[in-house]
Amino acid sequence: MTNAPTTAEVTAIDTQSRCPLLFLIGSGIVWLVVSGILALITSLQLQAPHFLTDCPWLTPGRAQALRETAFVYGWAANAGLAVALWVLARLGGEALRARNWLFFGALFWNLGVTVGLIGIATGDMTSFALLQLPGYVQPVMLFAYGAMAVSGVLAWTGRSTERTFAAQWYAVAALFLFPWLFSAAQIVLIWAPVRGTLQAIAAGWYAQGMWTLWLAPLALSGAYYIVPKVSGRVLPSYEFSSLGFWTLIFVGAWTGGRHLIGGPVPAWIATLAIAACALLIGHYFIVFLNLRIARCGRGTAMAFILFGLLAYVLGGMLDALTSFRTVALKTQFTLVAVAQQELALYGAASMMFLGAIYFLVPRLTGFAWASGGLISAHRFLTRLGLFLLLGGLAIGGWVQAGDLLNAKIAFADIAGHLKPWLLAVAAGHAVLLLGNLLFLVNFCRSACVCSTTAPATTLFRQPSTLEATAS
Amino acid sequence: MKNGPLFLLGLFVALVLSWAGVVLGSHAQLGALTPYYDDTESGAFPSRSSGVATRGQLVYADLGCAACHTQQVRRADFGTDQERGWGTRQSVARDYIFQPKPQLGASRIGPDLANLAGRKPSAPDAEDLLKFLYLGSQNHPVYKFLFEDREIVGQRAATALKLTGSAAASAGHEIVPTERARSLVAYLLSLNNAYDYPEARPFAVAAAAGHGAAEKHDAKAAAPAAGHAEKKEGEKK
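Within every chain, residues take consecutive numbers counted from 1 along the sequence as written. Working convention: letters from A go to chains and numbers from 1 go to ligands, in the order in which they are written. The model is predicted, so local features are restricted to residues of pLDDT at least 70 and side-chain atom pairs to those at 80 or more, both for listing and for counting; the totals for chains, interfaces and linings are taken over all residues. With hydrogens and water excluded, all non-hydrogen atoms of the structure serve as input to the side-chain values.

Some words on the overall build of chain B
So the rule is basically this: Only DSSP runs of H or I covering at least 4 residues are called helices, and only runs of E covering at least 2 are called strands; the numbering of each starts at the N terminus.
For chain B, the count of helices and strands is seven helices and four strands. Counting helices and strands in the order they occur from the N terminus, chain B gives α-β-β-α-α-β-β-α-α-α-α.

Remarks on helix 12 (residues 335-365) of chain A
Residue and element names in this part refer to chain A. To keep things clear, this is the line we draw: Think of it this way: the bend at a residue is just the angle between two axes, each fitted to seven residues, one set ending at that residue and the other starting at it. Each residue is assigned to one of three classes by its accessible area relative to the maximum for its type, calculated with a 1.4 Å probe on protein chains only: buried under 20%, partly exposed between the two thresholds, exposed over 50%.
The largest bend in helix 12 amounts to roughly 35° and is located at S350. Extensive coverage of helix 12 is indicated by the burial of 28 of its 31 residues. One or two steps after helix 12, the chain reaches G366, where phi turns positive at roughly 85°.

Thoughts on the interface of chain A and chain B
Going by this rule: Two residues form a contact once any of their heavy atoms are found within 4.5 Å. The buried area of a pairing is the accessible area, by a 1.4 Å probe, that goes missing from both parts when the two are put together, added over both. Think of a salt bridge as a Lys or Arg side-chain nitrogen and an Asp or Glu carboxyl oxygen that are within 4 Å of each other. Pairs of N or O atoms within 3.5 Å make up the polar contacts considered here, provided that, within protein, one atom can donate a hydrogen while the other can accept it, and that residues adjacent in sequence are counted only when both atoms are side-chain atoms.
Counting from both sides, the interface comprises 71 residues of chain A and, opposite them, 69 residues of chain B. Across the interface of chain A and chain B, roughly 6100 Å² is buried in total on both sides, 68% from carbon and sulfur atoms. The three residues of chain A that bury the most area against chain B are R195, F333 and F411 of chain A, which together make up 13% of that side's buried surface. Along the contact surface separating chain A from chain B lie one salt bridge. The closest approach of N and O atoms between R62 of chain A and D62 of chain B, which form a salt bridge, is 2.4 Å. The tally of links between chain A and chain B comes to 17 residue pairs in polar contact (both at pLDDT 80 or more).

Thoughts on the confidence of the model for chain B
All names here are of chain B. Note the threshold: What pLDDT reports is the predictor's confidence in each residue, on a scale of 0 through 100.
Mean pLDDT over chain B stands at 84; residues scoring 70 or higher make up 84%. Within chain B, helix 7 (residues 229-236) has the poorest average pLDDT of any element, 40, and helix 4 (residues 179-190) the best, 96. Long-range and interchain partners of residues 212-237, a stretch whose pLDDT sits below 50, account for 40 contacts in this model, where long-range means more than four residues apart. Across the predicted assembly, pTM comes out at 0.91 and ipTM at 0.90.

Side note on the pattern of salt bridges
Enumeration according to the criterion identifies 14 salt bridges over all chains in this entry. The partner of R258 of chain A in a salt bridge is D319 of chain A, and the shortest N-O contact between them spans 3.5 Å. Of this pair, R258 of chain A sits in the loop between helix 8 (241-251) and helix 9 (267-291) while D319 of chain A sits in helix 10 (residues 300-323), and the two are 61 residues apart along the sequence. A residue is classified by how much of its surface remains accessible, and D319 of chain A, at 13% relative accessible area, is buried. The network of salt bridges with common partners includes R74, D81, R108 and D112 of chain B.

Some words on empty space enclosed by the protein
Note the threshold: Using a 1 Å grid laid over the protein atoms alone, points where a 1.4 Å probe fits but cannot get out form a cavity; open sets with protein on both sides within 12 Å along at least 5 of 7 lines form a pocket; any residue with an atom within 4 Å of a point counts as lining. Grid points are joined across faces, edges and corners, and a volume is the space filled by probe spheres set on the points. Residues were grouped as follows: Ala, Val, Leu, Ile, Met, Phe, Trp, Tyr, Cys and Pro as nonpolar; Asp, Glu, Lys and Arg as charged; and all remaining residues, including Gly, as polar.
Applying the stated criterion across every chain, the model contains seven cavities of 30 Å³ or more. Of the pockets and cavities examined, the largest cavity occupies roughly 120 Å³. Lining the largest cavity we find R258, H259, T322, S323, A328, T331, Q332, F333, A337 and Q340 of chain A together with A106 of chain B. Those elements giving two or more residues to the lining of the largest cavity turn out to be helix 10, helix 11 (325-331) and helix 12 of chain A. By residue class, the composition of the lining of the largest cavity is four nonpolar, six polar and one charged.

Considerations on the side chain of S221 of chain A
All names here are of chain A. Position of S221 relative to the elements: it lies in helix 7 (residues 198-231). What makes S221 buried here is its relative accessible area of 0%. Within the structure, the side chain of S221 is placed 2.9 Å from the backbone oxygen of L218, a separation counted as a polar contact. With residues near it in sequence (within four places) discarded, S221 still touches V83, A84, V87, A167, Y170 and A171.

Some details on unusual backbone geometry
Residue P46 of chain B is reached from F45 of chain B by a cis peptide bond, and omega for that bond is -5°. Note the cis peptide between K120 of chain B and P121 of chain B, where omega equals 0°. Position of P121 of chain B among the secondary structure elements: in the loop between helix 2 (51-63) and helix 3 (126-135). Of note, A98 of chain A is a non-glycine position whose phi angle comes to about 50°, a positive value. Locating A98 of chain A in the fold gives a position in the loop between helix 3 (60-92) and helix 4 (99-121).

Structural notes on the side chain of N78 of chain A
Residues and elements named next belong to chain A. If you trace the backbone, N78 turns up in helix 3. Among the polar contacts made by the side chain of N78, one reaches the main-chain carbonyl oxygen of G74 at a distance of 2.7 Å. If we skip the residues at most four places from it in the chain, N78 touches L24, S27, G28, W31, Y73, W109 and N110.

Re the environment of L279 of chain A
All names here are of chain A. Within the secondary structure, L279 is located in helix 9. The sequence separation of L279 and A401 amounts to 122 residues, and the corresponding C-alpha distance is 27 Å. Residues within four places of L279 in sequence aside, it is in contact with T247 and V251.

Regarding helix 2 of chain B
Stated precisely, the cut-off is as follows: A helix is expected to span 1.5 Å multiplied by its residue count minus one.
The terminal C-alpha atoms of helix 2 of chain B lie 19 Å apart, and with 13 residues this matches the ideal 18 Å at 1.5 Å per residue to within 8%. Taken together, the buried positions of helix 2 of chain B are A53, G56, Q57, V59, Y60, A61, D62 and L63 of chain B. Elements in contact with the buried residues of helix 2 of chain B: helix 3 of chain A together with helix 4 of chain B. Phi for G64 of chain B, located one or two positions after helix 2 of chain B, is positive at around 75°.

Quick word on the nonpolar core
Test applied: We define the nonpolar core as a collection of buried residues of types Ala, Val, Leu, Ile, Met, Phe, Trp, Tyr and Cys that are connected through side-chain atoms lying within 4.5 Å of one another.
Y73, W75, W109 and W214 of chain A are the most contacted members of the largest nonpolar core, which has 167 residues in total. The element that contributes the greatest number of residues to this core is helix 7 of chain A, accounting for 23 residues. Excluding anything up to four places from it in sequence, Y73 of chain A contacts N78, W109, V113, L130, L131, L133, M141, F178, F182, Y206 and M210 of chain A. Among the nonpolar cores identified, the runner-up in size contains 23 residues, and Y143, I175, A181 and Y187 of chain B belong to it.

As for the packing of helix 10 of chain A against helix 13 (residues 372-404) of chain A
Residue and element names in this part refer to chain A. Our working definition: Angles shown run from 0 to 180 degrees and are taken between the N-to-C directions of axes, each axis being a line fitted to C-alpha atoms and, for helices, limited to the stretch in contact. An angle counts as roughly parallel when it lies under 35 degrees, as roughly antiparallel when it exceeds 145, as roughly perpendicular when it falls between 65 and 115, and as oblique in every other case.
Interaxial distance between helix 10 and helix 13 falls to 11 Å at its minimum, and their mutual angle equals 10°. As judged from the angle between their axes, helix 10 and helix 13 are roughly parallel. Note on element contacts: helix 13 touches helix 10 through I375, H378, R379, T382, R383 and L386, opposite T300, A303, F304 and F307.

Pasting the structure below:
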């Protein structure tokens, strides 16, 4: 069995934070399953356009918006916050404070996501990518987020040691920046919308900012904590980590014009984005430099995190490559762009969240995961699913790109050429859904054990070297 | 990083800089964009769209049509948008100034619609579009819920679809588009990039003249563009 807590590690910090953090993780996993079902529907609709289109709630456009929203605001937000808050509590050396704020914030956040999804299904979606939530739930979610972040702020200001660690910077940055990003985007897109194509520019700024200033830092905070912990080694070239951090924070949101190349916006928007994407390579390089020891670690958590890290670095390189105008000319508007988004949101961020969850749940409950078999199955299915999904999207997208650039090929034929690859995408989503269902079962069983039995601390001692460094 | 407030200030400054640079910067450039007044045509372009078309844009947005359709034609030497007949010039920011929710889109599972009603030689008419929404095609979903299948009481409704063969309504019934379907179609028919703005003409006309197929359009546009050269340069930056 992997990643079981050692006696030394199960502390009051973890047990006292158990209830709100397990609630966040549990609701995150439920949303992951929901978004998996919606993703399967979306991919089947691309395959067979008439599938479910008699149902007004699930037109292809709405199903896709529902899926994205459930994934980002349901799964990634809940899971990412749980990881970041836990890291802050651990490194702060104190149990989480303001746990009631956290719990009720999480409750209202999830209610907001639920109402938002109903709103999208009934026709209230905005048309901005990754911000399709109806305008009326956005303020509620902003306040709910603020309530959850109180815990993080208190863990940061009330930390027992003066010294801070890279995992904390990323966690605090994500907690602190998202409300500003979210509210600034709400103002210029929903409440006092800017004119014309400026909306596309502002929406691009938000979408890229949400990735570079919120989800990526949340994922990295977990990775920066767990990698040295499990591998038992000091992070190499750690002195560069602050440079990597500030590069991401200062440059990240400038990449917003990446998708507007050749569009009806000023050319400097795209040029800035291209330059910013190139600068960000520095960040990806430093992350790779720091966390390359992940390959030495063993266990489920490290396997997921290593996958996520490789996807993160690869995704960053591909972003820079496809932002060049000559490449963007091909890849823009095709499934390649979708593949890149999946690589970032699923391949990188979600895999790191999953790894962190595998690491922290046994520490919260005081028990090992209920079933080792389910863990192995989930690990296998997730890899297989991502391989099918990303491979199908990337190859299909490349075929589509070639076809779109040849004006002699009619649109109906392009759709025909895409069919086999879209089948792989649908299969990938089905496999991922199955894996995530198993994960949900395993999580429920693990969480139930902890609520019915007193924690036993004599389980599964790990070598004491694993306790080394970092915190 | 020991200094907490300074750390948070740094984060905040980073975010504000990007917001100011990207959002406010482009707003300063384009926020006050006015319609272009053409002396020879004695009119300003683009014209405001009708109320029903504006309502139709809301239908387009809430159904999520932008998930598969873009509304931005790129310039002739950048992609095959114009070769595919989606438009005869690139889309420019001025095209969208009267649209409350511009639907630029980011995916081309379906064709671009920026100039749907201005396509040459054959732009679809309202009847075509309504039938297409009702029947779909091999690669386009059906939107039957935008139509009402009702019994004919008295005279046939003037707006009822003229369907034949297996698609026709059952005896004594007719398929009538709802108000949402009619607004959506009015919106689609308002998508027209016919007017050629000075800033939409290809750049570097003089240098490019006589250089292959892509520049044919440039040569055509060269004469009228000359007078607006300075303005064009300002817009394109």
